[in-house]
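# Descriptive analysis of the structure
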Amino acid sequence: MKQKLDEEGNKCSILSKQQKFNEHCCIRCCSPFTFLINSKRQCQECKYNICKSCSTYHKKEKAWICSVCQQA
């Protein structure tokens, strides 16, 4: 599990250095954001933009959390 989280962190680090990658695509699954179908959300923990399928809304915190931060 720790190795998987480390690998995901490395991937995010590389992708975030690409100019505006995370503005247009989910940092977790690389799906492009669209206005209505796949809108972007920001993870409260890591601050990366994520899509609906890679995130969960936490009512208590009133925020979106990505699947990787949730596992960590």
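Not measured: the values here are computed from a predicted model. (Residues numbered from 1 in each chain as written. Predicted model: local features only at pLDDT ≥ 70, side-chain atom pairs only at ≥ 80, totals over all residues. Heavy atoms only, no water.)

Turning our attention to the overall build of the chain. The helix and strand inventory of the chain stands at three helices and four strands. For the chain, the proportion of its 72 residues judged to be buried stands at 31%. Restricting to contacts in the chain with at least 6 residues of sequence separation, those with at least 24 account for 21%. For the chain, the exposed area adds up to about 5300 Å²; of that, 53% sits on carbon and sulfur atoms. (Helix = DSSP H or I, 4+ residues; strand = E, 2+ residues; numbered from the N terminus. Buried < 20%, exposed > 50% of the residue type's maximum accessible area, 1.4 Å probe, protein only. Contact = heavy atoms within 4.5 Å. Areas by Shrake-Rupley, 256 points an atom, 1.4 Å probe, with all protein chains shown as cover.)

Quick look at the pattern of salt bridges now. Close approach of charged atoms allows side chains with opposite charge to pair. Taken as a whole, this structure holds one salt bridge when the rule is applied. In this structure, Glu 23 and Lys 40 form a salt bridge, with 3.1 Å as the shortest nitrogen-oxygen distance. Of this pair, Glu 23 sits in helix H2 (residues 21–24) while Lys 40 sits in the loop between H2 and strand E1 (41–42); the two residues are 17 residues apart in sequence, bridging distant segments of the chain. (Salt bridge = Lys/Arg side-chain N within 4 Å of Asp/Glu carboxyl O.)

One can find Asn 22 in helix H2. A residue is classified by how much of its surface remains accessible, and Asn 22, at 13% relative accessible area, is buried. Within the local environment of Asn 22, its side chain forms a polar contact with the backbone oxygen of Cys 25, the two atoms lying 3.1 Å apart. There is a polar contact of 2.7 Å between the side chain of Asn 22 and the backbone nitrogen of Asn 49. The contacts of Asn 22, once residues within four sequence positions are left out, are Ile 27, Phe 33, Tyr 48 and Asn 49. (Polar contact = N/O pair within 3.5 Å; in protein donor to acceptor, adjacent residues only side chain to side chain.)

Here four bridges tie strand E3 (residues 55–58) to strand E4 (residues 63–66), and the two strands are oriented antiparallel to one another. Looking across to E4, one finds that Thr 56 is bridged to Ile 65. Counting the residues that bridge the hairpin from E3 to E4 gives four residues, and of these Lys 62 lies at a positive phi of roughly 55 degrees. (Pairing = 2+ DSSP bridges.)

Taken as a whole and judged by the stated rule, the model has zero disulfides. For Cys 29, which is in no disulfide, the shortest distance to another cysteine sulfur is to Cys 51 and amounts to 3.6 Å. Here Cys 54 stays free of any disulfide, with the sulfur of Cys 29 as its closest cysteine sulfur at 3.6 Å. (Disulfide = S-S within 2.5 Å.)

Turning to a nonpolar patch on the surface, a few remarks are in order. On the surface, Phe 35, Leu 36 and Ile 37 cluster together into a nonpolar patch covering about 470 Å² of accessible area. Along the chain, Leu 36 turns up in the loop between H2 and E1. (Patch = residues over 30% accessible without salt bridge, like charges linked within 9 Å, V, L, I, M, F, W, Y side chains within 5 Å.)

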